[in-house]
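Given next are the chains, with one letter for each unit.
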Amino acid sequence: MSEIRLEGVTKRYGTFAAADNVDLAVTQGELVTILGPSGSGKTTLLSLIAGLNKPTSGRIFIGGRDVTDAPAQERNIGLVFQSYALFPHMTVLENVLFPLGVRKIGRAEADRLARDALKLVRLDGLENRRPSQLSGGQQQRVALARAVVFKPDILLLDEPLGALDRKLREELQVELKQLQRSLGVTTLLVTHDQEEALSLSDRIMVLDKGRTQQVAAPTEAYLKPANRFVAEFLGIANFVGLPDGGQALVRPERIKISSSGAGKPARVVEAIYLGQMVRYHLSLDGEGAKPMVAAAPFVGPAYATGERVMVSWDAADLWPVAK
Ligand SMILES: Nc1ncnc2c1ncn2[C@@H]1O[C@H](COP(=O)(O)OP(=O)(O)O)[C@@H](O)[C@H]1O
Ligand SMILES: [Mg+2]
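What counts, and at which threshold
Residues numbered from 1 in each chain as written. Chains lettered and ligands numbered in written order. Predicted model: local features only at pLDDT ≥ 70, side-chain atom pairs only at ≥ 80, totals over all residues. Heavy atoms only, no water. Pairing = 2+ DSSP bridges. Helix = DSSP H or I, 4+ residues; strand = E, 2+ residues; numbered from the N terminus. Axes fitted to C-alpha atoms, helices over the stretch in contact; angles between N-to-C directions. Expected span 1.5 Å × (residues − 1). Buried < 20%, exposed > 50% of the residue type's maximum accessible area, 1.4 Å probe, protein only. Contact = heavy atoms within 4.5 Å. Near = heavy atom within 4 Å. Polar contact = N/O pair within 3.5 Å; in protein donor to acceptor, adjacent residues only side chain to side chain. Areas by Shrake-Rupley, 256 points an atom, 1.4 Å probe, with all protein chains shown as cover. Nonpolar A, V, L, I, M, F, W, Y, C, P; charged D, E, K, R; others polar. Domains from an automatic or database assignment. Buried area = accessible area lost by both parts, 1.4 Å probe. Salt bridge = Lys/Arg side-chain N within 4 Å of Asp/Glu carboxyl O.

## Observations concerning the sheet that holds strand β15 (residues 277-284)
Here we have 5 strands laid out as an open sheet, ordered β13-β17-β14-β15-β16, and antiparallel in their pairing. At either end of the open sheet lies a strand with only one pairing partner, and these are β13 (256-258) and β16 (292-297). This sheet shows a mean twist of 45° between the axes of neighbouring strands, independent of strand direction. Strand direction decides the pairing type here: β15 and β16, joined by 6 bridges, are antiparallel. Looking at β16, one finds that His281 is bridged to Val293.

## What about helix α4 (residues 136-148)?
Taking 1.5 Å as the rise per residue, α4 with 13 residues should run 18 Å; its terminal C-alpha atoms sit 19 Å apart, in good agreement. Within α4, 11 of the 13 residues are buried, leaving the element largely enclosed by the surrounding structure. Regarding α4, the residues found buried are Gly137, Gln139, Gln140, Arg141, Val142, Ala143, Leu144, Ala145, Arg146, Ala147 and Val148. The inward-facing, buried residues of α4 contact β6 (77-81), α2 (92-102), α3 (107-120), β7 (154-158) and α5 (166-183).

## Overview of the site of ligand 1
Taken together, Tyr13, Phe16, Ala18, Pro37, Ser38, Gly39, Ser40, Gly41, Lys42, Thr43 and Thr44 make up the full set of residues near ligand 1. One nitrogen or oxygen atom from the main chain of Gly39 is found 2.7 Å from an oxygen atom belonging to ligand 1. Note that an oxygen atom of ligand 1 is positioned 3.0 Å from one of the backbone N or O atoms of Gly41. Within the complex, 57% of the 560 Å² of free accessible area of ligand 1 lies under protein. Looking at the shell around ligand 1, the elements that each hand over two or more residues are β2 (16-26) and α1 (42-50). For the shell around ligand 1, the leading source of residues is α1, giving 3 residues. Taken together, the residues of the shell around ligand 1 sort by class into 4 nonpolar, 6 polar and 1 charged.

## Side note on the environment of Thr10
Mapped onto the elements, Thr10 comes out in strand β1 (residues 4-13). Look at Thr10 and you get buried, because its relative accessible area is 6%. Between the C-alpha atoms of Thr10 and Pro55, which are 45 residues apart in sequence, the distance is 5.8 Å. Beyond its immediate sequence surroundings of up to four residues, Thr10 is in contact with Ala19, Asp20, Asn21, Pro55, Thr56 and Ser57. Of note is the side chain of Thr10, whose polar atom sits 2.9 Å from the backbone nitrogen of Asn21.

## Here's the deal with the side chain of Gln180
Relative to the assigned elements, Gln180 resides in helix α5. Take Gln180: its relative accessible area is 3%, and that puts it in the buried class. Those residues within four positions of Gln180 in sequence are excluded, and the remaining contacts are Gly29, Glu30, Leu31, Val185 and Thr187.

## Let's talk about unusual backbone geometry
Even without glycine at this site, Arg122 takes up a positive phi of about 60°. In this fold, Arg122 is placed in the loop between α3 and α4. Residue class for Arg122 comes out exposed when judged on its relative accessible area of 53%.

## Considering the domain arrangement of the protein
What the domain assignment reports for the protein is domain 1 (4-229) and domain 2 (238-321). Distance between the C-alpha centres of domain 1 and domain 2: 38 Å. With 6 residues of domain 1 at the contact, the number on the domain 2 side is 9 residues. For the pair domain 1 and domain 2, the summed buried area comes to about 720 Å², and 57% of that belongs to carbon and sulfur atoms. It is Tyr222, Leu223 and Arg228 in domain 1 that bury the most area against domain 2; as a group they hold 69% of the surface buried on that side. Linking domain 1 with domain 2 are 0 salt bridges, by the criterion used here. Scanning the region where domain 1 abuts domain 2 turns up 4 residue pairs in polar contact (both at pLDDT 80 or more).

## So, the pattern of salt bridges
One pass over the full model with this rule turns up 24 salt bridges. In this structure, the salt-bridge partner of Glu170 is Arg166, at a minimum N-O distance of 3.3 Å. Highlighted residues: Glu170 and Arg166, both in helix α5, separated by 4 residues, approximately one helical turn. For Glu170, a relative accessible area of 36% corresponds to the partly exposed category. Among the salt bridges present, the one from Lys209 reaches Asp208, with a minimum N-O distance of 3.7 Å. Salt bridges linked by common partners bring Lys54, Arg59, Asp66 and Asp69 together as one network.

Put into structure tokens, the structure is as follows:
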């Protein structure tokens, strides 16, 4: 088990930089998520760390060892992709045994390790099925078992839950986090889903156009984003003008609505019922800009579309955002 360190890692295709001078340190046992839109360079970074691709410049360290020039098979990394990439002609057990065979682990020991790994992802009993006889969630569990069975130094997961429907994805997020924690394996997970990043990570690295925008704990990135891109990528962002001409971020759940009382007069343009929450689009009087978005638990008074309300927020809930 090991930490990961990137120093000034750049990957160019011609003049285009898919990864641009990226620094990152993931500590032993930590789960860091690389979050960014499609094409921001997430897979590029993982493939550089895995050794499937070579950086144009910069160095990559795993467990303190410079692996920049080491081939993939010398890096002892567990990999999981969005497409499960299971061997279709092999059984579940044979799929999980495969990396142990490559590593020349004896039959009895391999069998024990593979069965342990399958138990860990709650697939014991399904050893003799083929991938086509499993659900998407079960297939991804096999892929996870196969990635951890040889006790990798680090685990790299590229949108591992991306192909699953929402409910299953949320269940597997919890399982994945528990598995990662129980193994204590240093993990980098790639996603474009901000909720997934916020809920799973010890820290989030936000990436845009190959460049690091921020590396921070989820709450910090959400409430104190380093710039406007991070503010908007990590959720709904309302921007409020400041006296010095700058702008401040206020998140929807920090906005207070009342039918009378202190604040700015506004009209409810849209009230959207979301189950646990109601989301309000509010048009503030005299401010023609785009509506402010507020979110409130669906317990207190619910305001109707067209209703006049008062809107306020605490100064402490404002975060000045850099351009
Ligand atoms: N082999 C390649 N040749 C040229 N451009 C590439 C290559 N691989 C990736 N890219 C480009 O690098 C950028 C980042 O790609 P990628 O890392 O796959 O993004 P992400 O995983 O965040 O969606 C994209 O613009 C992509 O088109
Ligand atoms: Mg990708």
